[in-house]
Amino acid sequence: MPDTAGLVKLPEEMAAALATDDTAKQPFAPTIVAFFCTWCTYTAADMAGLSRMAYSPAIRVVRLMCSGRLDPQFVVAAFRHGADGVLIGGCHPGDCHYQEGNYKALRRVALLRSLLGQLGIEPQRLRLEWISASEGEKVQRVCNEMAEQLRELGPLRLGSQGLQAEQVQNGHQEYLSIDTHDPVEATTP
Amino acid sequence: MTKPKVAFYWCASCGGCEEAVVDLDEDLLAATSLVDVVFWPVALDFKREDVEALEDGELVASFINGAVRTSEQEEMVALLRRKSQAVVAFGSCAVLGGIPGLANLYDREAILSTVYREAPSLEVPATTFPMKQTRVDEGELSLPTLWSSVCTLDDVIDVDYYLPGCAPPPRLIWAALSALVEGRLPEKGAVLAPDVALCSECPLSATKPEKLSVSRFRRPHEFLADPELCLLAQGLVCLGPATRAGCEAVCIAGNMPCTGCMGPTTRVTDYGAKALSGIASLLAADDDADITARTAEIVDPVGTFYRYSLPASLLRQRVGETVGNGAIK
């Protein structure tokens, strides 16, 4: 649908950061796109920075006004653009600046995780954490933990990478013909 | 004066889109007085050679339904593209991948194996398996290549207009056909259906509560829904709020929830993710255990939210399983 393409985009600097990642680098260094609510988790990340707590450079933070702003399209777009994992940070239950945005995030992430599982994306690749403005160490801990888990899990390989429209049109798609099988003896009716 | 020429073609589809053309009823007669249908494999005995004999651009429009998965389909749609001034992706499968697109949840080898080796209806042992080339007494037979995944029509050729629906509503077909014939051409890339959500034309929309809240999800076979009350409010997963209007809510009139065949409006890129978002946020549950239990009531999330649009989604298909440091199993 050409008129709708590109409506969901990561911010340009994010796409640029993802594009510069060399997927062939050794050893594997995961890329995590983190969506942090501005009132709690983003402030906590700020505090972690001010307190000079080092944490994994795998994290690329996108600030949202609320975890309830997290459109599941953002998550699939992040995976599509090359993220190995997506981390969502919001206020603790009961602490949402907008009363219940974090509950909406919780419900969406639960259903999204089950959908992504059907598409072969492991549950560890999508993580939701409640981190209040004072929990700089939790930002550090969660980011490091997730980066380590993803390092063990390996990169997300989207099966459709070789399937861009222009490649199909140029005819160098990697469609194998069915005769590459080892067929049982074929007979004709 | 000769009438403008049009063609209808089908790829990976069920034939429902052809039925929809017939469902034009009396308008079908009006249509045949407006245009000459020079190619329509399901209804008329014209062959590929007849299409090849046309001048490039001689067809005013080709209406192509079905998703694309074989080299034969690719050749035919490329041929029709050459011969047509406008190509209309006709129906959900051509526009979004449709039901056949759900095959992207499985790899091709698994599909072939299930169909030709493991299906319970097969003779045992299963001895027939499709081959690219087969020798018979009369000579060598060949089959088209089966691609590794299902594509939408615009993955394969340039598409001018999109007419979604499973099948497209006859009213919209008629509007599209007459617009094309009269030269009232919309902007290229246009979806020939209203750009608002289905709720705007749903007869039950007045009964939709101010604040929708769902304590549990239910499936249509589990209870008899009240036909006078918004189906979402009854816990049915009705995708009307996320789906383009234009069908006049025929499923809801049949007391069945919208399954999203008209696809997204222009404000949405990934239909399934957006529809999931809307449905999940209606849940009344707010503790982890309850939310887990309620979301488990949607037993097939991909089949529910990407029923017609998996090949057109951002992820397109199931990803290769990763093991250890990225090796694909």
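The residue count restarts for each chain, going from 1 along the sequence in the order it is written. Labels are handed out in written order, letters beginning with A for the chains and numbers beginning with 1 for the ligands. Per-residue local features are limited, in this predicted model, to residues with pLDDT of at least 70; the limit for side-chain atom pairs, both in listing and counting, is 80 or more; totals at the level of whole chains, interfaces and linings are taken over all residues.

Engineer: Would you take a moment to explain the overall build of chain A for this structure?
Structural biologist: To qualify as a helix, a DSSP run of H or I must reach at least 4 residues; to qualify as a strand, a run of E must reach at least 2; elements of each kind are numbered from the N terminus. For chain A, the helix and strand inventory stands at six helices and four strands. When its helices and strands are written in sequence order, chain A yields α-β-α-β-α-β-α-β-α-α. Here the C-beta atoms are placed from the backbone, and a residue counts as buried if at least 20 other C-beta atoms lie within 10 Å of its own, exposed if 12 or fewer do, and partly exposed otherwise. Within chain A, buried positions represent 45% of all 189 residues. Once C-beta atoms have been placed from the backbone, residue pairs whose C-beta atoms lie within 7 Å are recorded as contacts. Restricting the contact set of chain A to residue pairs at least 6 apart, pairs at least 24 apart contribute 79%.

Engineer: For this particular structure, what's the right way to read the sheet that holds strand β1 (residues 32–37) of chain A?
Structural biologist: Each strand in a sheet pairs with its neighbour through backbone hydrogen bonds, running either in the same direction (parallel) or in the opposite one (antiparallel). Residue and element names in this part refer to chain A. When DSSP locates at least two bridges between a pair of strands, those strands are taken to pair. If you walk across this open sheet you meet the four strands as β2-β1-β3-β4, and the pairing is parallel. Strands with a single pairing partner mark the edges of an open sheet, and in this sheet they are β2 (59–64) and β4 (126–130). When strand polarity is set aside, the average angle formed by the axes of neighbouring strands in this sheet is 20°. Where β1 lies against β2, six bridges are found, and the strand directions are parallel. Counterpart to V33 in the pairing with β2 is R60. To obtain each axis, a line is fitted to C-alpha atoms, and for helices this fit is confined to the stretch in contact; angles are then taken between N-to-C directions over 0 to 180 degrees.

Engineer: What am I meant to see in helix α4 (residues 71–83) of chain B here?
Structural biologist: Within an α-helix, residues lying three or four positions from one another point in the same direction, as the helix has 3.6 residues per turn. Residues and elements named next belong to chain B. Between its first and last C-alpha atoms α4 spans 19 Å; for 13 residues at 1.5 Å apiece the expected length is 18 Å, and the two agree. Within α4 the residues assigned to the buried category are Q73, E74, M76, V77, L80, R81 and K83. Against β1 (5–10), α3 (48–52), β3 (59–65), β4 (68–70), β5 (84–90) and α7 (153–156) lie the buried residues of α4. Here a helix's expected span is defined as the number of its residues, less one, multiplied by 1.5 Å.

Engineer: Explain the confidence of the model for chain A here, please?
Structural biologist: Regions with low pLDDT should not have their predicted coordinates read in detail. All names here are of chain A. Confidence in the prediction for chain A averages 80 pLDDT; 70% of positions are at 70 or higher. One number per residue, pLDDT, summarises how confident the predictor is, and it ranges from 0 to 100. In this model residues 1–6 is a low-confidence stretch, pLDDT under 50, and it forms eight contacts with partners more than four residues away in sequence or in other chains. Here residues 160–189 is a poorly scored stretch, pLDDT under 50, and it has 46 contacts once near neighbours within four places are set aside; other chains count.

Engineer: Explain the nonpolar core to me, please; I cannot follow it from the model alone.
Structural biologist: Side chains of nonpolar character tend, in soluble globular proteins, to be buried together. A set of buried Ala, Val, Leu, Ile, Met, Phe, Trp, Tyr and Cys residues, joined to one another through C-beta atoms within 7 Å, is what we call a nonpolar core. The biggest cluster of nonpolar side chains holds 146 residues, and the ones touching the most others in it are I32(A), V86(A), I64(B), V88(B), A89(B) and L163(B). Per-element accounting of this core gives the leading share, nine residues, to helix α4 (residues 101–118) of chain A. As used throughout, domain bounds are those supplied by an automatic or database domain assignment. When residues are assigned to domains, this core turns out to be shared by domain 1 (5–99 + 148–181) and domain 3 (198–312) of chain B, each giving three or more. Excluding residues within four positions of it along the chain, L163(B) makes contact with V88(B), A89(B), F90(B), P168(B), L172(B), I173(B), A176(B) and L192(B).

Engineer: Got a minute to help me understand the domain arrangement of chain B in this structure?
Structural biologist: A common way to state how big an interface is: give the accessible area lost once the parts meet. All names here are of chain B. When its domains are assigned, chain B resolves into domain 1 (5–99 + 148–181), domain 2 (107–147) and domain 3 (198–312). Distance from the C-alpha centre of domain 1 to the C-alpha centre of domain 3: 30 Å. Listed by partner, the interface residues are 15 residues for domain 1 and 13 residues for domain 3. Among the secondary structure elements, those contributing two or more residues to the side of domain 1 that touches domain 3 are α5 (92–96) and β8 (146–151). Counting residues per element, the side of domain 1 that touches domain 3 draws most heavily on α5, at three residues. Residues that form the side of domain 1 that touches domain 3 fall into these classes: ten nonpolar, five polar and no charged. For this classification, the nonpolar set comprises Ala, Val, Leu, Ile, Met, Phe, Trp, Tyr, Cys and Pro, the charged set comprises Asp, Glu, Lys and Arg, and every other residue, Gly included, is treated as polar.

Engineer: What am I meant to see in unusual backbone geometry here?
Structural biologist: Glycine aside, the phi torsion of most residues is negative, and most peptide linkages are trans. Residue and element names in this part refer to chain B. Cis rather than trans, the peptide bond between C166 and A167 has omega equal to -5°. For A167, the position within the fold is in the loop between β9 (161–163) and α8 (170–181). The phi dihedral of A249 falls on the positive side, at around 55°, and the residue is not glycine. As for its placement among the helices and strands, A249 is situated in the loop between α8 and α9 (250–253). The class for A249 is buried, based on 20 C-beta atoms found within 10 Å.

Engineer: Explain the packing of helix α3 (residues 72–80) of chain A against helix α10 (residues 271–280) of chain B to me, please; I cannot follow it from the model alone.
Structural biologist: Packed helices, taken two at a time, are described by the angle their axes make and the gap between the axes. Taken N-terminus to C-terminus, the directions of α3(A) and α10(B) make an angle of 145°; their axes are 8 Å apart at the nearest point. Every pair of crossing elements has a handedness; the one defined by α3(A) and α10(B) is right-handed. Contacts from P72(A), Q73(A) and V76(A) of α3(A) reach α10(B) at A273(B), K274(B), L276(B) and S277(B). For the contact of α3(A) with α10(B), the per-class residue count stands at four nonpolar, two polar and one charged. By convention, the crossing between two helices is left-handed when the near helix turns anticlockwise from the far helix through less than a right angle, and right-handed when the turn is clockwise.

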